[in-house]
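Here is what each chain is made of, one letter per residue.
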Amino acid sequence: MVGKTYLRYVPGPESGVVCSNGALSMDAAVLKPNGAPIVAVPALEHVVLWNSRTSEMVAKLAPPRAKPGRTNEVTAVLLVRDPLAARSWILAAGYASGYVAVWRGRGEDRWECVLYGLSHRPDTAVLSLDVSPDGMTLCSGGGDTDITVWDLAADEPLYRLVGHRGGVVGAAFVAGARTKTLISAGADGLVKVWNLDVQQCVQTVIASDTQVTSMRIDVTGARLFVGLRDDIVKAYSLEPLRDEALDAAALDNDAEAITAHGTLKRKIAKPATSIVFSHDKQYLAVTTNRTVEVFRVLTAAEVKKKVQRKKKRRQEKQQNAAAAAEPTPKKAPRAEGEDGAPTDGAQPAAGPSTSGDAPAAAAAKDTTLEFQRTVAEEIVPL
């Protein structure tokens with residue numbers, strides 16, 4: 001029958017794929033001390049490594065036991081340095097089928113698959129990945145609302161963390177914490193802090209009434225940034241987790257493991273798909289589905305100078321408002337003689353000439369406006 005001729009066709013191999021949109025973000029790193037930056041991107045069921053300097057593909061990775069097809073498309077990519085070996089890297093990938101894969105490599109084209117297994121429910125996409133600072137543990141967050149923790153040495157899952165009511169869009173280990181701690185963010189708008197020693201949630205923060213779309217810990221490990229569906233990025237302080245006096249007993253007594261630190265206003269009111277920090281700690285990039293916003297991280301001296309400048313401008317504004325609110329005193333009428341001269345020997349008061357001072361006042365006003373405009377341009381994010 002002519003109406004069912006489409007059944008004769010099946011999906012075939014693809015070619016020329018640079019990057020696919022199955023994953024929300026990609027990862028990049030410099031694999032050699034003097035080499036070019038290598039970008040790891042999802043390309044359907046493969047993970048492709050590109051040399052960003054020469055625009056050449058240096059590796060195309062896929063697990064040996066993986067079945068090609070649409071259900072095995074890459075949905076999460078992570079590239080981190082391997083702390084267990086010098087000049088070695090760990091590349092982790094999550095798939096739409098719920099599987100995760102881990103490679104270890106020492107160069108651009110020498111990679112070995114050391115882990116491939118089912119991490120979440122079948123046909124449930126893996127949304128987030130992270131490797132512990134010691135390189136021994138892998139965590140994956142999926143669309144089934146669960147977090148699976150893997151032992152990379154034994155190549156087997158250890159346990160699951162259950163508590164979110166939406167897909168886990170972000171999961172990260174906290175470096176430098178007193179206890180082994182994991183922070184997760186879900187599409188249910190919640191940010192949870194997990195104590196992995198007891199495998200329990202010790203704090204839940206309502207970050208949004210709608211949805212959390214991304215999460216990232218900064219390079220210093222002292223701040224947590226959470227992206228929302230609107231134009232706000234919330235920041236939380238992780239200093240309580242590093243406090244030596246804060247133990248598991250204190251956390252059980254409703255002590256806060258993370259505290260609110262502030263918000264970052266964005267210009268684009270669209271969901272933040274990823275938050276990335278530069279390796280030199282100077283820039284923060286927030287991406288959406290089509291745009292990238294770059295912010296410069298200010299130093300302590302720049303922050304102090306900016307605060308003083310704002311305080312000075314606020315004081316000048318208050319003084320100008322108070323001066324404008326004061327009533328202008330009215331002058332008493334003068335008694336004049338027949339010839340128009342003032343009586344009682346009074347001389348005319350020598351006052352400023354309005355005709356000569358009008359251009360100077362206008363110039364001063366223009367200078368003030370130009371100064372305010374220059375300050376506004378300086379504090380606008382890049």
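## Brief notes about the side chain of Thr287
Right, on to step 1. Residue placement: Thr287 occurs in strand 22 (residues 283-287).
Right, on to step 2. There is a polar contact of 2.4 Å between the side chain of Thr287 and the side chain of Ser274.
Right, on to step 3. Leaving out residues up to four positions away in the same chain, Thr287 has contacts with Pro271, Ala272, Thr273, Ser274 and Val292.

## Side note on the packing of aromatic side chains
Right, on to step 1. If you walk through the whole model with that rule in mind, you get three aromatic pairs.
Right, on to step 2. With 4.9 Å between their ring centres and 15° between their planes, Tyr99 and Tyr116 make a pair best called stacked. Taken together, the positions of Tyr99 in strand 7 (residues 99-105) and Tyr116 in strand 8 (residues 111-118) put the pair 17 residues apart, joining distant regions of the chain.
Right, on to step 3. Judged by relative accessible area, Tyr99 falls into the partly exposed class, the value being 29%.
Right, on to step 4. Geometrically, the ring pair formed by Phe225 and Phe277 is tilted, given 5.3 Å between the ring centres and 55° between the ring planes.

## Quick word on a nonpolar patch on the surface
Right, on to step 1. A contiguous nonpolar surface patch, about 240 Å² in accessible area, is contributed by Tyr283, Val292 and Val294.
Right, on to step 2. Residue placement: Val292 occurs in strand 23 (residues 292-296).

## Notes on the sheet that holds strand 5 (residues 74-81)
Where strands meet in a sheet, backbone hydrogen bonds hold them as pairs that are either parallel or antiparallel.
Right, on to step 1. On the basis of which strands lie adjacent, the open sheet formed by four strands has the order 5-6-7-8 and antiparallel pairing. Across the chains shown, the open sheet's two edge strands, defined by having one partner strand only, are strand 5 and strand 8. Between one strand axis and the next, the sheet turns by 15° as a mean value, whatever way the strands run.
Right, on to step 2. Inspection of the sheet shows strand 6 (residues 89-95) paired to strand 7 by six bridges, in the antiparallel sense. Bridging from a neighbouring strand, Gly94 pairs with Val100 of strand 7.

## Let's talk about the pattern of salt bridges
Right, on to step 1. For the structure on display, the rule yields seven salt bridges.
Right, on to step 2. Between Glu239 and Arg223 there is a salt bridge whose closest N-O contact spans 4.0 Å. Here Glu239, found in helix 1 (residues 239-242), pairs with Arg223, found in strand 18 (residues 223-228); they are 16 residues apart in sequence, far enough to count as distant.
Right, on to step 3. Residue Glu239 is classed as partly exposed on the basis of its relative accessible area, which comes to 38%.
Right, on to step 4. Residue Arg223 is classed as partly exposed on the basis of its relative accessible area of 23%.
Right, on to step 5. Several salt bridges converge on common partners, so that one network encompasses Asp144, Asp146 and Arg160.

What counts and how
- Residues numbered from 1 in each chain as written.
- Predicted model: local features only at pLDDT ≥ 70, side-chain atom pairs only at ≥ 80, totals over all residues.
- Heavy atoms only, no water.
- Helix = DSSP H or I, 4+ residues; strand = E, 2+ residues; numbered from the N terminus.
- Polar contact = N/O pair within 3.5 Å; in protein donor to acceptor, adjacent residues only side chain to side chain.
- Contact = heavy atoms within 4.5 Å.
- Phe/Tyr/Trp six-rings, centres within 6.5 Å; stacked < 30°, edge-to-face > 60°.
- Buried < 20%, exposed > 50% of the residue type's maximum accessible area, 1.4 Å probe, protein only.
- Patch = residues over 30% accessible without salt bridge, like charges linked within 9 Å, V, L, I, M, F, W, Y side chains within 5 Å.
- Areas by Shrake-Rupley, 256 points an atom, 1.4 Å probe, with all protein chains shown as cover.
- Salt bridge = Lys/Arg side-chain N within 4 Å of Asp/Glu carboxyl O.
- Pairing = 2+ DSSP bridges.
- Axes fitted to C-alpha atoms, helices over the stretch in contact; angles between N-to-C directions.

Function-wise, these values are silent; they only describe arrangement.
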